[in-house]
Amino acid sequence: MPSPAIQPHLSPHRCCGLRRARSALLALLSLLCAGVAHATPKLELVGLFKDRAVLVIDGQQRLLRSGQTSPEGVLLVSADTSQATVRFKGVTERLSLSQRVSTSFARVEPQELTISADELGQYRVRGAINGHFLTLLVDTGASVVALSSATAERLGIDYLSGEEGVVETANGRATSYFVVLDQVTVGEISRRNVRAAVVRGFYPTDVLLGMSFLGGLRMTEQQGVLSLSQIR
């Protein structure tokens, strides 16, 4: 006859000990998970304006106004041309513009440009796209450089080979083509391989200098003057 199955037997004290150990383990895991959930995001301040700031939060660029909270839960309490005050889960921090140094720790001179606001309070500047000169409108609310298909054709940009998509404009939804511009230059500041959206039609009338170009710069605004700088 086959031997009867042997069932393990634990004393009541042993069972209680295992339950206590299991509860302690679950409590530890809960604390660890809570720690991850409440971990402070990595913050970098890259742009300062009056009552606005451009922050890089865990690698994502966010343009926030005073009193506005990012999707990551970071509140911009206030901002001026010297610093920004942010709050995350009750903790308040004051941030200044990021300081970058070269790998040899030698002093590096920034490439700088100042732009005065026009009568509408907007910042327009002469620049070049792929070597063609034109007027650019600084727009920190645009995620990429944006231009109309009419302008793209004038500049010789083969936008129809780009990725087709849809963008929201002041005139509603419009078909667009996402391309990479060889070079965008403003003053002494030049960047290569800049992502852009070409919107079918004649809108926008101005080329919008969006964050795909501005994101690599430090920006400050004071008394109607916008300063852009780039470390060499």
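Predicted model only: the values in this text are computed from it and were never measured.

For the protein, the count of helices and strands is 3 helices and 16 strands. The proportion of buried residues among the 232 residues of the protein is 35%. Relative to all contacts within the protein whose residues are 6 or more apart in sequence, the contacts with residues 24 or more apart total 52%. Roughly 14300 Å² of accessible area belongs to the protein as shown, and the carbon and sulfur atoms make up 52% of that amount.

Taken together, 3 strands build an open sheet; the order of strands is β4-β5-β6 and the sheet is antiparallel. Each edge of the open sheet is held by one strand with a lone partner, namely β4 (75-79) and β6 (91-95). Pairwise comparison of adjacent strand axes, ignoring direction, gives a mean angle of 20 degrees for this sheet. Two elements, strand β5 (residues 84-88) and β6, share 5 bridges in a ladder whose sense is antiparallel. Note that in β6 the partner of Thr85 across the bridge is Arg94.

To continue, consider the confidence of the model for the protein. Predicted confidence across the protein gives a mean pLDDT of 80, with 76% of residues reaching 70 or more. Scored below 50 in pLDDT, residues 1-16 shows 2 contacts in the model against residues more than four places distant or in partner chains. Overall, residues 31-38 carries pLDDT values under 50, and its contacts beyond four positions in sequence, including any with other chains, amount to 3 contacts.

Following the criterion strictly, the structure yields 4 salt bridges and no others. Ionic pairing is found between Arg62 and Glu72, a salt bridge with its closest N-O pair at 2.7 Å. In this pair, Arg62 is assigned in strand β3 (residues 60-65) and Glu72 in the loop between β3 and β4, connecting sequence segments 10 residues apart. On the basis of relative accessible area, Glu72 is assigned to the partly exposed category, the value being 24%. For Arg124, the salt bridge goes to Asp118, with nearest N and O atoms at 2.7 Å. Of the residues examined, Arg124 reaches a relative accessible area of 30% and is grouped as partly exposed. Its relative accessible area of 24% is what places Asp118 among the partly exposed residues. Via salt bridges that share partners, Asp118, Arg124 and Asp206 belong to a single interconnected network.

Scoring rules and cut-offs
- Residues numbered from 1 in each chain as written.
- Predicted model: local features only at pLDDT ≥ 70, side-chain atom pairs only at ≥ 80, totals over all residues.
- Heavy atoms only, no water.
- Helix = DSSP H or I, 4+ residues; strand = E, 2+ residues; numbered from the N terminus.
- Buried < 20%, exposed > 50% of the residue type's maximum accessible area, 1.4 Å probe, protein only.
- Contact = heavy atoms within 4.5 Å.
- Areas by Shrake-Rupley, 256 points an atom, 1.4 Å probe, with all protein chains shown as cover.
- Pairing = 2+ DSSP bridges.
- Axes fitted to C-alpha atoms, helices over the stretch in contact; angles between N-to-C directions.
- pLDDT = per-residue confidence, 0-100.
- Salt bridge = Lys/Arg side-chain N within 4 Å of Asp/Glu carboxyl O.

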